[in-house]
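# Observations on the three-dimensional arrangement
Listed below are the residues making up each chain.
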Amino acid sequence: MGILVAALLGFIVLAAGCGRPAPTLEQRAQALDRQLICPVCPGETLDQSGVQIAKDMRVLIRERLAAGDTEEAIKAYFVDRYGTRILAEPPASGISLAVWVIPPVVLAAGAAALWAVVREMRRRAVAPRAEDESLGKYLGAVDDELGTGKRGAP
Amino acid sequence: MADLGFMAIVLGLGVALYAAAGSIAGKVYGAAELVVSARRAAYLTAPIALAGAGALIAAFATHDFSIDYVFAHSNRVMDREFIWVAFYAGNGGSLLYVTCVLAIMSAAAIHLARRRLADSLPYTTAILMAILAFFFLVMVVWANPFSHTTCPGPGGSQVACVPDDGRGINPLLTHPGMWVHPPLLMAGLAGIAVPFAYAAGALAAGRTRDEWADAARVSGIVSWAILGTGILIGAWWAYTILGWGGYWGWDPIENVALMPWLTMTAFIHSIMVQKRRGMFRMWNIVLLNIAFVLAQFGMFINRGGPVVSVHSFAGSALGQVFLGFMLLSLVFAFGVFFWRYRWLKSDRPVESFLSREVAFLLNNFLLLGITFVTLWGVVFPLITEFASDGTVTVATPYFNRVNGPLFLGLLAIMGIGPVMAWRRSSMRSLGRWLLLPVGLAVLAAAAMVVAGMREPLAVVAFSVLAFVVLVILEEWFRSTRARARAGGNWAAAWLGVIAGNRPRHGGYIVHLAIVTVAFGVVGTQFFDQRADLVLKRGESGAVGSYRLEYANLKIEERSDRTAQLAHLNVYRGNDRIGTLRAWHAFYPDFRQASVRAGIRSTPVEDLYVVPTDFLEDGRLVLRASVNPLAMWLWIAGPVFVIGTAVALWPQPALEVRPAKAQVAAGLVRGTA
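Residues numbered from 1 in each chain as written. Chains lettered and ligands numbered in written order. Predicted model: local features only at pLDDT ≥ 70, side-chain atom pairs only at ≥ 80, totals over all residues. Heavy atoms only, no water.

## Observations regarding the overall build of chain B
To keep things clear, this is the line we draw: Put simply, DSSP H or I for four residues or longer makes a helix, DSSP E for two residues or longer makes a strand, and each gets a number counted from the N terminus. Our radius of gyration is a C-alpha quantity, and the globule rule it is checked against amounts to 2.2 Å times the number of residues to the power 0.38. For every residue, the accessible area obtained with a 1.4 Å probe (protein chains only) is divided by the maximum for its type, and the residue is called buried under 20%, exposed over 50%, and partly exposed between those limits. Note on areas: Shrake-Rupley, 1.4 Å probe, and residue coverage restricted to the protein chains presented here. In this tally Asp and Glu are treated as negative and Lys and Arg as positive; neither His nor the chain ends contributes. A charge is said to be at NZ when it belongs to Lys, at CZ for Arg, at CG for Asp and at CD for Glu.
Secondary structure summary: chain B contains 20 helices and 11 strands in total. Taken over C-alpha atoms, the radius of gyration comes to 28 Å for chain B, in line with the 26 Å a tight globule of 672 residues would show. In terms of overall dimensions, chain B has C-alpha extents of about 95 × 75 × 55 Å along its principal axes. The burial tally for chain B puts 56% of its 672 residues in the buried class. Roughly 28000 Å² of accessible area belongs to chain B as shown, and the carbon and sulfur atoms make up 64% of that amount. Across chain B, 52 positive and 37 negative side-chain charges occur, with their mean positions spaced 16 Å apart.

Put into structure tokens, the structure is as follows:
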């Protein structure tokens, strides 16, 4: 059932993605506003900032897009002027590659450890203990009576 | 006033130190009187700290500008109701506030546990009092809120003086949200010390079973709820006053409040497994340790830490003091843990992957995952600053991209967890419970796409939210129906269900609050529309489906500010549907502008307008945006509080009746 649901949801989402209209100039500009940091207000992206330089940069972005520049070219232009700190997301290269690589690695390691611990505990839980041996045949009889099959089956 | 206040904090330091040392000495040497005396000393710290706070507030009320702190954070024109805000607007005062809260919470924690945790209480008392002594010490040595105002004297020296007027309060703080946001946040962070002290105290006393679990759960939920409410009110404050239409910016200071909250969220789930099943003992201690250390990390970042932020108090040498205290906390917390961890074995193992235990583990994993990503995002720019020329920014888009999927996973677990049984669930029973919610959630996704929603991630997120709500409603419906059949109306039956298992159903109500927040977050993140407008009087401009017309302007001159109030008419099509008042003020003394957004709020969307500039030629510059579903962020607040209250409300003790009496009364069938 899980696979069916996933497939169905995947299809629906795909349908949603396919019918997307091409973004307007303003939508593209607003996407860029969110990817660039206002140079004088730490941590605030252009769309969050009310200071003059952010307004000027927003206007510049719209002018450049209207003139036919690509998003990448506009970003490169600002990086040229202010350095990579103008990018709200660090580039996936050089030293800042670590900011992208470390979280998935740590999360994957955590997930693997969690899985291993639970599996180990479960193995111990399923393995019959000495005092259970003597009870085994009685519990088996109970299971037979109830028709629930083998004990310990998941 | 100044002398009285300073005497109070010096006295507080002495009493807290005595309580800490006396508790340990009394316990170790078996001197019961000393333990009792130390406990009473611990109670005494609360009125002492309150006396200090009272002295500072009185100094504010009487405009005693001979005290530097009062001079720096208030003036004569300031509205009196903001004295409370000015009290914690700076370093010294906010530390005094934290000290008061911690002293009161410690006294309550010690008093409430004095019988049930008698054996480990001296250690708990000592830990709480040591933390409290640290705060008193910081005030006495580094950040005295009662130090005297000085003016330049002859020959470049500084002499004590009494200025005629103070500098006034930071205009960003004169907002009703500031009445409650900082105090709740600071109280929530400080309060994490209480469950930590219960647990670490129990370990130190060799009580390695579950004696401390109930006390830590209740006090943990209290500080967690206070912190959560504080964060939400902070978001509301940012939304109405910072003027960018946002409410959460992944700013370092926001992050350091969020991280302990997330870790405590993990703890209050996982402690239920210990309570019910005697499992996860080590893990729960680790969670408390992490939360406590992260709270100290927050203190450090907040007070002269290395991060530039709109929230941080002016940089000072205090940063190093708090860094030292954080490292000490880390060593102490994990030192106690490793001393005792061999005794912290679980009573039982996990039996199946399909069990509530594992659902809780997954919840913990995702919460800690988000905490880790957030911490990494805060710390990474600092690392690069040392390693290279410091040209890396980690801001909102990064956090949204990395934490977004983790949050979505967390929401999904929130839906699946409740239908998982303890120990093990069969696929068949899971299928029976999940069929309807999953089916309806998928249908909802399809309906959204058919209705024209073209954001795949938003469709998935809304669909998951629907799933979580449906699972809760399904359980409520089934158990209410069962009760209603036994007699009584549905409303009473539902209340009966809630009252029957308060931790569980209170938890569900909190889940609904989280879903409500998420609903608002998805709406505002994926569907907001923005526009920069420059309007002459009488002109209008469009944002989303609205048209805004600049009607008129009112200017108000006050001694501390020039305020401008713009009136805007709101049109949709040709119908005028309302007016908005957007306020902008400039405070020359602070060289700072403050705004109040004009907001037209409906359950569907907010129309949000901020005046950013008034041009010489009379034109008005506006940032306007349409923020869909924003109202739901704030609706979640009361739901969250109600849910927490239900979860904490004490369950009436089960009535114990001897079986014989029941048989005699004919209550037990088949035996009489």
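Continuing now.
## Some remarks on the overall build of chain A
Spelled out, the test is: Residue contacts are defined here by distance: any two heavy atoms, one from each residue, within 4.5 Å place the two residues in contact.
When helices and strands are tallied, chain A shows 6 helices and 0 strands. Secondary structure elements in chain A, listed N-terminal to C-terminal, are α-α-α-α-α-α. Split into buried and exposed, the 154 residues of chain A put 26% on the buried side. Considering only residue pairs separated by 6 or more positions, chain A has 42% of its internal contacts joining residues 24 or more positions apart. Surface accessibility of chain A: about 9500 Å² in total, with carbon and sulfur atoms responsible for 64%.

## A few points about helix 19 (residues 631–648) of chain B
All names here are of chain B. What counts, and what does not: Expected span of a helix, by definition, is 1.5 Å for each gap between consecutive residues, and there is one gap fewer than residues.
With 18 residues, helix 19 extends 27 Å between its outermost C-alpha atoms, agreeing within 8% with the 26 Å of an ideal straight helix rising 1.5 Å per residue. Of all the positions in helix 19, only Leu-633, Trp-634, Ala-636, Gly-637, Phe-640, Gly-643, Thr-644, Val-646 and Ala-647 are classed as buried. Where the residues of helix 19 are buried, they touch helix 9 (213–241), helix 10 (252–277), helix 17 (490–500) and helix 18 (502–527).

## Some thoughts on the interface of chain B and chain A
Selection rule: Buried area counts how much accessible surface, traced with a 1.4 Å probe, disappears from two parts once they are put together, with both parts' losses summed. Each reported salt bridge corresponds to a side-chain nitrogen of Lys or Arg within 4 Å of a carboxyl oxygen of Asp or Glu.
Tallying the contact residues gives 53 residues for chain B and 54 residues for chain A. Taken together, the two surfaces of chain B and chain A that pack against each other cover about 4600 Å², and 70% of this comes from carbon and sulfur. Interface area lost by chain B to chain A is led by Phe353(B), Thr393(B) and Arg454(B), which between them contribute 14%. Counting across the interface, chain B meets chain A through 5 salt bridges.

## What to know about the pattern of salt bridges
Where side chains of opposite charge bring their charged atoms close, a pairing between them can arise. Residues and elements named next belong to chain B. All told, the structure shown has 29 salt bridges over all chains when counted by the stated rule. The closest approach of N and O atoms between Asp-119 and Lys-27, which form a salt bridge, is 2.8 Å. Residue Asp-119 is found in the loop between helix 5 (91–112) and helix 6 (121–141), and its partner Lys-27 is found in helix 1 (residues 2–28); the two are separated by 92 residues along the sequence. Salt bridges sharing partners connect three or more residues here, namely Arg-277, Glu-351, Glu-357, Arg-423 and Arg-424.

## Considerations on a nonpolar patch on the surface
Put simply, the rule reads: In this scheme, patches are assembled from residues that exceed 30% relative accessible area and form no salt bridge. Like charges are connected within 9 Å, while nonpolar side chains (Val, Leu, Ile, Met, Phe, Trp, Tyr) are connected within 5 Å.
The grouping of Leu323(B), Leu327(B), Leu330(B) and Val331(B) at the surface amounts to a nonpolar patch, some 320 Å² of accessible area in total. Tracing the backbone through its elements, the reader meets Leu323(B) in helix 12 (residues 318–340).

## Some points on the confidence of the model for chain A
Operational definition: Scored from 0 to 100, pLDDT records how confident the predictor is in each individual residue.
Mean pLDDT over chain A stands at 80; residues scoring 70 or higher make up 80%. Across chain A, helix 4 (residues 71–82) of chain A holds the top mean pLDDT of 92, while helix 6 (residues 130–146) of chain A sits lowest at 62.

## A closer look at the packing of helix 2 (residues 32–61) of chain B against helix 5 of chain B
Residue and element names in this part refer to chain B. Rules: Only the stretch in contact is used when fitting a helix axis, every axis being a line fitted to C-alpha atoms; angles between N-to-C directions are given from 0 to 180 degrees. An angle counts as roughly parallel when it lies under 35 degrees, as roughly antiparallel when it exceeds 145, as roughly perpendicular when it falls between 65 and 115, and as oblique in every other case. Crossing handedness is defined as follows: a turn of the near helix away from the far one that is anticlockwise and smaller than a right angle gives a left-handed crossing, while the clockwise case is right-handed. Classification convention: Asp, Glu, Lys, Arg as charged; Ala, Val, Leu, Ile, Met, Phe, Trp, Tyr, Cys, Pro as nonpolar; all other residues, Gly among them, as polar.
Running from N to C, helix 2 and helix 5 cross one another at 150°; their axes reach a closest spacing of 8 Å. Classified by the angle between their axes, helix 2 and helix 5 sit roughly antiparallel to one another. Crossing handedness for the pair helix 2 and helix 5: left-handed. Of the residues in helix 5, those touching helix 2 at Arg-39, Ala-42, Tyr-43, Thr-45, Ala-46, Ala-49, Leu-50, Gly-52, Ala-53 and Leu-56 are Gly-93, Leu-96, Thr-99, Cys-100, Ala-103, Ile-104, Ala-107, Ile-110 and His-111. Of the residues assigned to the contact of helix 2 with helix 5, the class counts are 13 nonpolar, 5 polar and 1 charged.

## Side note on helix 15 (residues 427–450) of chain B
Residue and element names in this part refer to chain B. Rules: Note on bend: at a given residue it equals the angle between the axes fitted to the 7 residues ending there and to the 7 starting there.
Taking 1.5 Å as the rise per residue, helix 15 with 24 residues should run 34 Å; its terminal C-alpha atoms sit 32 Å apart, in good agreement. The axis of helix 15 is deflected most strongly, by about 45°, at Leu-434, and proline Pro-437 appears within four residues downstream. Just downstream of helix 15 lies Gly-452, where phi reads positive at about 105°.

## Some details on the domain arrangement of chain B
Residues and elements named next belong to chain B. Let me state the cut-off plainly: Start and end positions for the domains come from either an automated domain assignment or a database one. Whenever a nitrogen or oxygen atom comes within 3.5 Å of another N or O atom, the pair is scored as a polar contact, on the condition that within protein one atom can donate a hydrogen and the other can accept it, and that pairs from neighbouring residues in sequence are kept only if both atoms are in side chains.
Its domain assignment divides chain B into domain 1 (1–173), domain 2 (425–527 + 634–648) and domain 3 (529–631). Measuring from the centre of the C-alpha atoms in domain 1 to the corresponding centre in domain 3 gives 43 Å. Between domain 1 and domain 3, the contact holds 8 residues from the first and 7 residues from the second. Roughly 640 Å² of surface becomes buried between domain 1 and domain 3 when both sides are summed, with 54% attributable to carbon and sulfur atoms. In terms of surface lost to domain 3, no three residues of domain 1 exceed Val-77, Pro-171 and Leu-172, which account for 67% of the buried area on that side. One can count 0 salt bridges joining domain 1 with domain 3. Taken together, domain 1 and domain 3 are joined by 0 residue pairs in polar contact (both at pLDDT 80 or more). The residue makeup of the side of domain 1 that touches domain 3, split by class, is 4 nonpolar, 2 polar and 2 charged.

## As for the pairing of strand 10 (residues 605–614) of chain B
All names here are of chain B. Inclusion rule: Note on pairing: DSSP must find at least two bridges between two strands before they are called paired.
With 9 of 10 residues buried, strand 10 lies mostly within the body of the structure. From the end of strand 9 (residues 598–601) to the start of strand 10, which pair antiparallel, there are 3 residues. Sheet topology places strand 10 next to strand 11 (residues 620–628); 9 bridges connect them, and they run antiparallel. By the bridge assignment, Leu-607 is partnered in strand 11 with Val-626. The antiparallel pairing of strand 10 with strand 11 creates a hairpin that spans 5 residues between the two strands, and Gly-618 there sits at a positive phi of about 90°.

## Quick look at the packing of aromatic side chains
Residue and element names in this part refer to chain B. Note the following rule: Two rings belonging to Phe, Tyr or Trp (six-membered ring only in the last case) form a pair when the distance between their centres is within 6.5 Å. Interplanar angles under 30 degrees mark stacking, angles over 60 mark edge-to-face geometry, and anything in between is tilted.
Counted by the stated rule, this structure contains 39 aromatic pairs over all chains. Taken together, a centroid distance of 6.5 Å and an interplanar angle of 5° make the contact between Phe-462 and Phe-527 stacked. Taken as a pair, Phe-462 in helix 16 (residues 456–485) and Phe-527 in helix 18 lie far apart in primary sequence, 65 residues in all. On the basis of relative accessible area, Phe-462 is assigned to the buried category, the value being 10%. You can call Phe-527 partly exposed: its relative accessible area is 27%.

## Some details on the state of the cysteines
All names here are of chain B. Put simply, the rule is: Here, a disulfide means two cysteine sulfur atoms that sit within 2.5 Å of each other.
Taken as a whole and judged by the stated rule, the model has 1 disulfide over all chains. The disulfide partner of Cys-151 is Cys-161, and the S-S distance across this bridge is 1.7 Å. Taking the sign of the S-S torsion, 70° for the link of Cys-151 and Cys-161, the bridge is right-handed. Taken together, the residues span a long stretch of sequence, with Cys-151 in strand 1 (residues 150–152) and Cys-161 in the loop between strand 2 (158–160) and helix 7 (176–191) at a distance of 10 residues. Here Cys-151 falls in the partly exposed class, since its relative accessible area comes to 23%. Accessibility expressed as a relative area gives 16% for Cys-161, which makes it buried.

## Observations concerning the environment of Val626(B)
All names here are of chain B. Structurally, Val-626 is set in strand 11. For the pair Val-626 and Val-350, spaced 276 residues apart in the sequence, the C-alpha separation amounts to 49 Å. The residues touching Val-626, leaving out its near neighbours within four places in the chain, are Phe-527, Asp-528, Gln-529, Val-543, Gly-544, Tyr-546, Glu-605, Asp-606 and Leu-607.

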